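Chain by chain, the residues run as shown.
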Amino acid sequence: NRQKCIVRGQVCNGKNDCPGGDDESDCPGKDSDVAMTQAPLVCKSDEFSCKVMGVGMCLHQKVRCDGNHDCDGGADEQDCAGKLKCSFDLWPCDDGLRCYAKTEWCNGVRDCKDNSDENK
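Thresholds, definitions, all that
Residues numbered from 1 in each chain as written. Predicted model: local features only at pLDDT ≥ 70, side-chain atom pairs only at ≥ 80, totals over all residues. Heavy atoms only, no water. Pairing = 2+ DSSP bridges. Helix = DSSP H or I, 4+ residues; strand = E, 2+ residues; numbered from the N terminus. 1 Å grid on protein atoms, 1.4 Å probe; cavity = no way out; pocket = protein on both sides within 12 Å on 5 of 7 lines; lining within 4 Å. Points joined across faces, edges and corners; volume = space filled by probe spheres on them. Nonpolar A, V, L, I, M, F, W, Y, C, P; charged D, E, K, R; others polar. Phe/Tyr/Trp six-rings, centres within 6.5 Å; stacked < 30°, edge-to-face > 60°. Lys NZ or Arg CZ within 6 Å of the ring centre and 35° of its normal. Polar contact = N/O pair within 3.5 Å; in protein donor to acceptor, adjacent residues only side chain to side chain. Disulfide = S-S within 2.5 Å. Buried < 20%, exposed > 50% of the residue type's maximum accessible area, 1.4 Å probe, protein only.

### Some words on the pairing of strand β1 (residues 47-52)
Line of reasoning, step 1. Taken together, the six bridges between β1 and strand β2 (residues 55-60) define a ladder with antiparallel strand orientation. Note that in β2 the partner of Glu-47 across the bridge is His-60.

Given below as structure tokens:
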């Protein structure tokens, strides 16, 4: 419904980031009766594996703990306390769990779970 901008990694991640949950509708693999079978995933030494929209993928280590949910359910952002790396155009929440665009800070919308984006 275009009321809030979100990053691509927040689409189909199992969490309603948009008002009304528009980002979780029409996701591949959702409510699917078809089971996908694949060969075991082998990733390079600088990669890690996770599911992206229900499909096993190898992603570069640089996207782990970057504040963007690239893997389903935000698996690449778990266990990141003290490891969060925000890109130059993003600021970290005080709790160290997510990064948000500077334009999302002090905009009247709580993005950080600890509300640190609205307390600056």
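Here the narrative resumes, following the displayed structure.
### Brief notes about the layout of surface pockets
Line of reasoning, step 1. As a volume, the largest pocket reaches approximately 400 Å³.
Line of reasoning, step 2. Along its surface, the largest pocket is lined by 20 residues, and Lys-15, His-69, Arg-98, Tyr-100 and Lys-113 are the ones closest to its centre.
Line of reasoning, step 3. Considering only residue class, the lining of the largest pocket consists of four nonpolar, seven polar and nine charged.

### Focus: the packing of aromatic side chains
Line of reasoning, step 1. Enumeration according to the criterion identifies one aromatic pair in this entry.
Line of reasoning, step 2. In this structure, Arg-64 is placed above the aromatic ring of Phe-48, and the distance from its NZ or CZ to the ring centre is 4.0 Å.

### Re the side chain of His-69
Line of reasoning, step 1. Tracing the chain through its elements places His-69 in the loop between β2 and β3 (90-92).
Line of reasoning, step 2. Polar side-chain contacts of His-69 include one of 3.4 Å to the side chain of Arg-98.

### Describing the state of the cysteines
Line of reasoning, step 1. Inspection of every chain in the model, using the stated rule, returns four disulfides.
Line of reasoning, step 2. At a sulfur-sulfur separation of 1.9 Å, the disulfide partner of Cys-50 is Cys-71. Where Cys-50 bonds to Cys-71 through sulfur, the torsion about that S-S bond is close to -75°, and the disulfide is left-handed. Placement of the pair is Cys-50 in strand β1 and Cys-71 in the loop between β2 and β3, with a sequence separation of 21 residues.
Line of reasoning, step 3. Accessibility expressed as a relative area gives 12% for Cys-50, which makes it buried.
Line of reasoning, step 4. Covalently, Cys-93 is tied to Cys-112 through a disulfide, its sulfur atoms 1.9 Å apart. Handedness here is read from the sign of the S-S torsion; for Cys-93 and Cys-112, about -80°, the answer is left-handed.

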